[in-house]
Amino acid sequence: MSGEAFVVGTGLIGASIGAALRAAGWTAIGWDPSPDALEAAQKMGSLDDTAESVEDGAGADLVVLAAPVGAIVATLTDLSTDALVTDVAGVKASVVAAAAHLPHFVGGHPMAGRESSGPGAASAAMFQGASWILTTDGADTVDLDRMDAIVRSMGATPIRMAAARHDAAVAAVSHVPQVMASALVNLVATDIDALALAAGGFRDVTRIALSEPAWWTDILTANRADVAGLIRRLSADLSAWASLIAADDKQGVTAGLDSARATRRGLAPSVAAVQVLLEDRPGEIARVGNALAETGVDVRDLQLRHATRGGGGVLTLSVQPGQENALTEALQAEGFRLVP
């Protein structure tokens, strides 16, 4: 499936969608209220051409609204087109309601992104292996099937879901974690000693606090009922943890930790981890790349934990089980030391 796609909003997600659609054979035209973002998206190869206004995309085969949720709702209200229309908002109920007048609309939410914003961080590979929610509310089966095929062509896995169910689910796995990360960073922001000791664990837990505030403010307030309700439940759970710890209830604390550990293990794919010690010198990552190219292993994830004072650190490469020995040997042949 291919044709002309009109992308409204050429930030990180919009530019990545443009690039991914172009790689799948589409012609991608873009528009953004920021001329700089539009120009950057075209320069990095996300777009074939640019448009002067949103109205210019009415004749496209596919219209993708890739803006903050408030802007998407406002655009949908005035949009008139027979094209297949979709969006990328992290909240779906208000978007689906605003699109009720369109003959061909399927709400979407790619579960992918980065802390960086803007088209400069975009990539056609952004959605490889990611889940992509497609809302079923009021959507025609033919349109759902078309969006299913488009999403798959970008390397993502489509998941069909009602808008209300989506909003409740992402509140738990995406929206509340964003609030938690920000709250934790703010909690220790004035404790210089604590910040000096912050290492891999704290950085991993709070990584998403680096995300664009304006975008997240829009999402959190749009999904306020679900998010606020879950935060109150979490607050009660944290109070219960505080009581167990204050009472020196080792059995209760252990039970809570064990339960969380078992659930978290069920979320993780089966991988084997290889940890590499990196020195503070040029060419370290390139040498890791040589080892990966030599072995051709399937890298499922990678994480870099920098040394506390900067320079070097530990790179964790997660690969398919059974491939760790070949990777270990290749890394050692490149002169790396590995973490036992």
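Report on the accompanying structure. Each chain has its residues counted from 1, running along the sequence as written. Thresholds applied to this predicted model are a pLDDT of at least 70 for local features of residues and 80 or more for the giving and counting of side-chain atom pairs; totals over whole chains, interfaces and linings are not thresholded and use all residues. Calculation of side-chain values draws on the structure's entire complement of heavy atoms; hydrogens and water are dropped beforehand.

Next up on the list: the overall build of the protein. Helix and strand definitions here come from DSSP, where helices need a minimum of 4 consecutive H or I residues and strands a minimum of 2 consecutive E residues; each element is numbered from the N-terminal end. Per the secondary structure count, the protein includes 13 helices and 13 strands. It is over C-alpha atoms that the radius of gyration is taken, and the globule rule equals 2.2 Å times the number of residues to the power 0.38. Against the compact-globule benchmark of 20 Å for 340 residues, the protein has a radius of gyration of 23 Å, which places it among compact chains. Considered along the principal axes of its C-alpha atoms, the protein spans approximately 60 × 55 × 40 Å. The criterion used for residue contact is that any of the two residues' heavy atoms lie within 4.5 Å. Taking the contacts inside the protein whose residues are at least 6 apart along the sequence as the reference set, 59% of them involve residues at least 24 apart. Accessible surface is estimated by sampling points in the Shrake-Rupley manner with a 1.4 Å probe; for residues, cover comes only from the protein chains shown. Just so you have it, the protein exposes about 17700 Å², and 54% of that area is on carbon and sulfur atoms.

A word on the pattern of salt bridges. Counted as salt bridges are all cases of a side-chain nitrogen of Lys or Arg within 4 Å of a carboxyl oxygen of Asp or Glu. With the rule as written, the count across this model stands at 12 salt bridges. One salt bridge in this structure joins Asp87 and Lys92, with 2.8 Å as the shortest N-O distance. Take Asp87 and Lys92: they sit in the same class, and that class is buried. Within the structure, one salt-bridge network assembled from shared partners comprises Asp145, Asp148, Arg152 and Arg160. For every residue, the accessible area (1.4 Å probe, protein chains only) is compared with the maximum for its type, and the residue is labelled buried under 20%, exposed over 50%, or partly exposed between those bounds.

It is worth spelling out the nonpolar core at this point. Counting 27 residues, the largest nonpolar core has Phe6, Leu76, Val85 and Phe105 as its most contacted members. Mapped by element, the contributors of at least two residues to this core are β1 (4–8), β2 (27–31), β4 (62–65), α3 (69–78), α4 (93–98) and α9 (213–222). Contact partners of Val85, with chain neighbours within four places excluded, come to Val63, Leu65, Leu76, Leu79, Leu102, His104, Phe105 and Val106. Core analysis: the second largest hydrophobic core is formed by 25 residues, Leu12, Trp26, Leu84 and Ala121 among them. Side-chain atoms within 4.5 Å are what join buried Ala, Val, Leu, Ile, Met, Phe, Trp, Tyr and Cys residues into a set we call a nonpolar core.

Attention shifts here to the sheet that holds strand β7 (residues 108–110). Picture the strands of a sheet paired through backbone hydrogen bonds; they go either parallel or antiparallel. Being paired, for any two strands, means DSSP has found at least two bridges between them. Strand order in the open sheet formed by three strands is β7-β8-β9, and the pairing between neighbours is mixed. In the strand order of this sheet, the two ends are held by β7 and β9 (157–161), each with one partner. Along the sheet, successive strands turn relative to each other by an average axial angle of 20 degrees, direction set aside. Here strand β8 (residues 131–135) pairs with β9 via five bridges, running parallel. Directly across from Trp132, in β9, lies its bridge partner Pro158. Note on geometry: axes are lines fitted to C-alpha atoms, helical ones only across the stretch in contact, with angles between N-to-C directions running from 0 to 180 degrees. Contacts from helix α5 (residues 141–153) reach β8 and β9, with the element oriented near 150 degrees to β9.

A few words on the packing of aromatic side chains. Pairing of aromatic side chains here covers Phe, Tyr and the six-membered ring of Trp, requires ring centres within 6.5 Å, and sorts the geometry by plane angle: under 30 degrees stacked, over 60 edge-to-face, intermediate tilted. Per the stated rule, a full pass over the model turns up one aromatic pair. Two conditions define a charge sitting above a ring: the NZ of Lys or the CZ of Arg must be within 6 Å of the ring centre, and it must be within 35 degrees of the ring normal. Over the face of the ring belonging to Phe336 we find Arg287, whose NZ or CZ atom lies 4.1 Å from the ring centre.

Mapped onto the secondary structure, Ala326 falls in helix α13 (residues 324–333). For Ala326, a relative accessible area of 39% translates into the label partly exposed.

Taken N-terminus to C-terminus, the directions of helix α10 (residues 224–246) and helix α11 (residues 250–267) make an angle of 140 degrees; their axes are 8 Å apart at the nearest point. Judged on the interaxial angle alone, α11 and α10 are oblique. Across the interface between the two elements, Trp241, Leu244 and Ile245 from α10 touch Gly252, Val253, Gly256 and Leu257 from α11. Put simply, Ala, Val, Leu, Ile, Met, Phe, Trp, Tyr, Cys and Pro go in the nonpolar bin, Asp, Glu, Lys and Arg in the charged bin, and everything else, Gly too, in the polar bin. In terms of residue class, the contact of α10 with α11 is made up of five nonpolar, two polar and no charged. Note on terminology: angles under 35 degrees are roughly parallel, angles over 145 are roughly antiparallel, angles of 65 to 115 are roughly perpendicular, and the others are oblique.

In this analysis, the expected span of each helix is defined as 1.5 Å times one less than the number of residues it contains. The end-to-end C-alpha distance of helix α1 (residues 12–23), which contains 12 residues, comes to 17 Å, matching closely the 16 Å that a straight helix rising 1.5 Å per residue would cover. Here α1 lies mainly inside the structure; 10 of its 12 residues are buried. Gly25 sits one or two residues past α1 and shows a positive phi near 105 degrees.

Of note in this structure, Asp248 is not a glycine but carries a positive phi near 60 degrees. Within the secondary structure, Asp248 sits in the loop between α10 and α11.

A separate point is the sheet that holds strand β3 (residues 49–50). Strands sit in the order β3-β2-β1-β4-β5-β6 across an open sheet of six strands; the sheet is parallel. Looking at strand neighbours, the two that pair on one side only are β3 and β6 (105–106), the edges of this open sheet. In this structure, β1 lies alongside β2, joined through five bridges in parallel fashion. Bridge pairing links Val7 to Gly30 in β2. Each of β4, β5 (84–87) and β6 is contacted by α5, which is oriented at about 60 degrees to β5, the strand it contacts most.

Glancing now at the environment of Thr254. Summarising the element assignment, Thr254 is placed in helix α11. The exposure class of Thr254 is partly exposed, given its relative accessible area of 40%.

Inspection of the secondary structure assignment puts Gln178 in helix α6 (residues 163–188). Contacts described as polar in this section are N or O atom pairs within 3.5 Å, which, within protein, must combine one atom able to donate a hydrogen with one able to accept it, while residues neighboring in sequence count only if both atoms come from side chains. Within the structure, Gln178 has its side chain in polar contact with the side chain of Trp216 (distance 3.4 Å). Not counting chain neighbours up to four residues away, the residues in contact with Gln178 comprise Ile208, Ala209, Ser211 and Trp216.

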